[in-house]
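So the chains spell out like this:
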Amino acid sequence: MRFLDSLRRLDAYPKIDNEFSIRTVSGAALTLISTIVIVILVIGEINAYLSPNISEELFVDTTRGHKLKINLDFTIPRISCDYVSLDAQDSTGEQHLHIEHNIYKRRLDLQGNQIEEPKKEDIQASTKRISSTESPAPTTLKPACGSCYGAAKNASQCCNTCQEVIDAYRERKWNPNVEDFEQCKNSNDGSVEGKAFSEGCHIYGTMEVNRVEGRFHIAPGKSFSINHIHVHDVQPYSSARFNTTHRINTLSFGEQFEFGTTRPLDGLMVEATEGAMMFQYYIKIVPTMFVPLKGPTLYTNQFSVTKHQKSVTAMSGETGMPGIFVNYELSPLMVKFTEKRNSLGHFATNVCAIIGGIFTVAGIVDSVLFTSIHVIKRKIELGKAS
């Protein structure tokens, strides 16, 4: 018994008989408010405990062997698919070699409705044109030899189709007028020029290129190379006739994940205020690695972008050609996001702190209210007695 009596003296929570306790309305109100606040904060703490914690690290990118995956989805509502091309180049301006891509073009009317099923685009390499120092490839003689209207390189060259006449003029750097060519009058070959501005184009898909600085562009005209120089031929039209208004439905460099900035340009609509507008997007790509609690590690890329536009008409004095040009540069640093589970001890500590802290503060507030009310009542009673 003496041991139990000594143990009772260590009780830090002495009990008070009910007959000596006083219950007040203010105390009841504080109890309800405290309980509600505790429940809300504890639920928030449980949610935070169950949600993985994300830690960030920044280090030099030493990964090797990863391809750069470009996901793109552009709509050009005022230029026909037959008169717009997509090309990808590296930092030296040379065409990317061995591109793995899944790029499609879909013809649209001027209201944005689909005209026909999408067709796969060929962006492996630019079409090579014969330079002025090269001899034309031998061709099989045909019974009838169509006129090239003065653009033939030699007497044996024939232009039996509308496209052959146009190609001959372009190689001479002349401006072809398809209305003057007999081959184009009753031929579907001239229909490309006829519908250049009566349709729109939807270009979408993915392509994988080497992880080096580079660029890709969507520009009007047929692309080809002459002596390793990339050229877009917009004849028989002038550059000022092309309206490069466009919408970026999607542009990303890898897989999307919950954190970071992987698609800042999605949904961007850009209106060309005049013809022959050149839109340039300068993109800084930051390689990103995401390590989830479960599942494989994800390698992707975030990016920031700076936009610039200018008019490249002859009157403006600016150089360039109309179109959408995306220049990207890879950062040497990599960002690593790692999911980590929260500590159970940290969760228990926070819950105890919430409950104990709120009850302590509520007790102080209740004591101040009770004392103040009691003093005010005593003064009132003394005032009445006098």
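Please read all numbers here as calculations on a predicted model, not as lab measurements.

1. Section: the pattern of salt bridges
Here the structure, examined in full by the defined rule, presents 7 salt bridges. A salt bridge links lysine 119 to glutamate 116; its shortest N-O distance comes to 3.6 Å. The salt bridge involving glutamate 318 is made with lysine 310; its shortest N-O contact spans 3.9 Å.

2. A few points about empty space enclosed by the protein
For the structure on display, the rule yields 1 cavity of 30 Å³ or more. One number sums up the size of the largest cavity: a volume of about 30 Å³. At the level of secondary structure, the elements contributing two or more residues to the lining of the largest cavity comprise strand 8 (214-220) and strand 15 (323-330). When residues of the lining of the largest cavity are assigned to their parent elements, the largest contribution, 3 residues, is made by strand 8. Classifying every residue of the lining of the largest cavity gives 7 nonpolar, 2 polar and no charged.

3. Some details on the side chain of serine 34
The residue serine 34 is located in helix 2 (residues 25-50) in this model. Excluding residues that lie within four positions of it along the chain, serine 34 makes contacts with Ile358 and Ala362.

4. Observations concerning unusual backbone geometry
Of note, the phi angle at tyrosine 149 is positive, near 55 degrees, even though the residue is not glycine. Following the sequence through the fold, tyrosine 149 ends up in the loop between strand 6 (127-128) and helix 3 (162-171). Residue alanine 276 is not a glycine yet carries a positive backbone phi of 55 degrees. Relative to the helices and strands, alanine 276 resides in the loop between strand 12 (268-270) and strand 13 (277-291).

5. Observations concerning the pairing of strand 2 (residues 68-76)
The buried count for strand 2 comes to 8 of 9 residues, which makes it a mostly enclosed element. Both strand 2 and strand 7 (residues 200-209) contribute to a ladder of 9 bridges, which runs antiparallel. Paired with isoleucine 76 across the bridge in strand 7 is cysteine 201. With 5 bridges connecting them, strand 2 and strand 11 (residues 246-252) associate as antiparallel partners. From the neighbouring strand, asparagine 71 faces strand 11, where its bridge partner is serine 252.

6. Some remarks on a nonpolar patch on the surface
On the surface, Phe3, Leu4, Leu7 and Leu10 cluster together into a nonpolar patch covering about 460 Å² of accessible area. As for its position among the elements, leucine 4 is in helix 1 (residues 2-8). A relative accessible area of 41% means that leucine 4 is categorised as partly exposed.

7. Topic: the state of the cysteines
In this structure the tally under the stated criterion is 3 disulfides. One disulfide bridge connects cysteine 81 with cysteine 201, the sulfur atoms lying 2.1 Å from each other. Because the sign of the S-S torsion sets the handedness, a value of about 100 degrees for the bond joining cysteine 81 and cysteine 201 places this disulfide among the right-handed ones. Here cysteine 81, found in the loop between strand 2 and strand 3 (84-90), pairs with cysteine 201, found in strand 7; they are 120 residues apart in sequence, far enough to count as distant. Neither residue differs from the other here; cysteine 81 and cysteine 201 are each classed as buried. Across the disulfide from cysteine 148 sits cysteine 159; the S-S distance is 1.9 Å. Linking cysteine 148 and cysteine 159, the disulfide has an S-S dihedral of approximately 95 degrees and is accordingly described as right-handed. Pair noted here: cysteine 148 is in the loop between strand 6 and helix 3 and cysteine 159 is in the loop between strand 6 and helix 3, with a separation of 11 residues, a long-range link. For cysteine 159, a relative accessible area of 1% gives the class buried.

8. Observations concerning the nonpolar core
In this structure, Ile70, Leu72, Phe216 and Leu251 are the most contacted members of the largest nonpolar core, which totals 37 residues. Mapped onto this core, the elements with two or more residues apiece are strand 2, strand 3, strand 7, strand 8, strand 11, strand 13 and strand 15. One finds Cys148, Ala151, Cys159 and Phe181 within the second-largest nonpolar core, a separate group that totals 7 residues.

9. Examining the sheet that holds strand 12
With antiparallel pairing, the 6 strands of this open sheet are ordered in space as 5-4-7-2-11-12. Two strands bound the open sheet, and with one partner strand each, they are strand 5 (119-120) and strand 12.

10. Comments concerning the packing of aromatic side chains
The full count for this structure, using the stated rule, is 8 aromatic pairs. With a centroid separation of 5.5 Å and an interplanar angle of 25 degrees, the aromatic rings of phenylalanine 257 and phenylalanine 290 are classed as stacked. Placement of the pair is phenylalanine 257 in the loop between strand 11 and strand 12 and phenylalanine 290 in strand 13, with a sequence separation of 33 residues. Among the aromatic residues, those joined into a cluster by ring pairs are Tyr83, Phe197 and Phe242.

11. Side note on helix 2
For helix 2, with 26 residues, the first-to-last C-alpha span of 38 Å sits near the 38 Å given by 1.5 Å per residue. Taken as a whole, helix 2 has its buried residues at Gly27, Leu30, Ser34, Ile38, Val42 and Glu45.

12. Side note on the environment of valine 37
Mapping valine 37 onto the fold places it in helix 2. The spacing of valine 37 and isoleucine 358 is 321 residues in sequence and 8.1 Å in space, taken between C-alpha atoms.

13. Structural notes on the environment of arginine 170
With respect to the element layout, arginine 170 can be found in helix 3. As a C-alpha pair, arginine 170 and alanine 151 span 19 residues in sequence and 8.9 Å in three-dimensional space.

About the cut-offs
- Residues numbered from 1 in each chain as written.
- Predicted model: local features only at pLDDT ≥ 70, side-chain atom pairs only at ≥ 80, totals over all residues.
- Heavy atoms only, no water.
- Salt bridge = Lys/Arg side-chain N within 4 Å of Asp/Glu carboxyl O.
- 1 Å grid on protein atoms, 1.4 Å probe; cavity = no way out; pocket = protein on both sides within 12 Å on 5 of 7 lines; lining within 4 Å.
- Points joined across faces, edges and corners; volume = space filled by probe spheres on them.
- Helix = DSSP H or I, 4+ residues; strand = E, 2+ residues; numbered from the N terminus.
- Nonpolar A, V, L, I, M, F, W, Y, C, P; charged D, E, K, R; others polar.
- Contact = heavy atoms within 4.5 Å.
- Buried < 20%, exposed > 50% of the residue type's maximum accessible area, 1.4 Å probe, protein only.
- Pairing = 2+ DSSP bridges.
- Patch = residues over 30% accessible without salt bridge, like charges linked within 9 Å, V, L, I, M, F, W, Y side chains within 5 Å.
- Areas by Shrake-Rupley, 256 points an atom, 1.4 Å probe, with all protein chains shown as cover.
- Disulfide = S-S within 2.5 Å.
- Core = buried A, V, L, I, M, F, W, Y, C linked by side-chain atoms within 4.5 Å.
- Phe/Tyr/Trp six-rings, centres within 6.5 Å; stacked < 30°, edge-to-face > 60°.
- Expected span 1.5 Å × (residues − 1).

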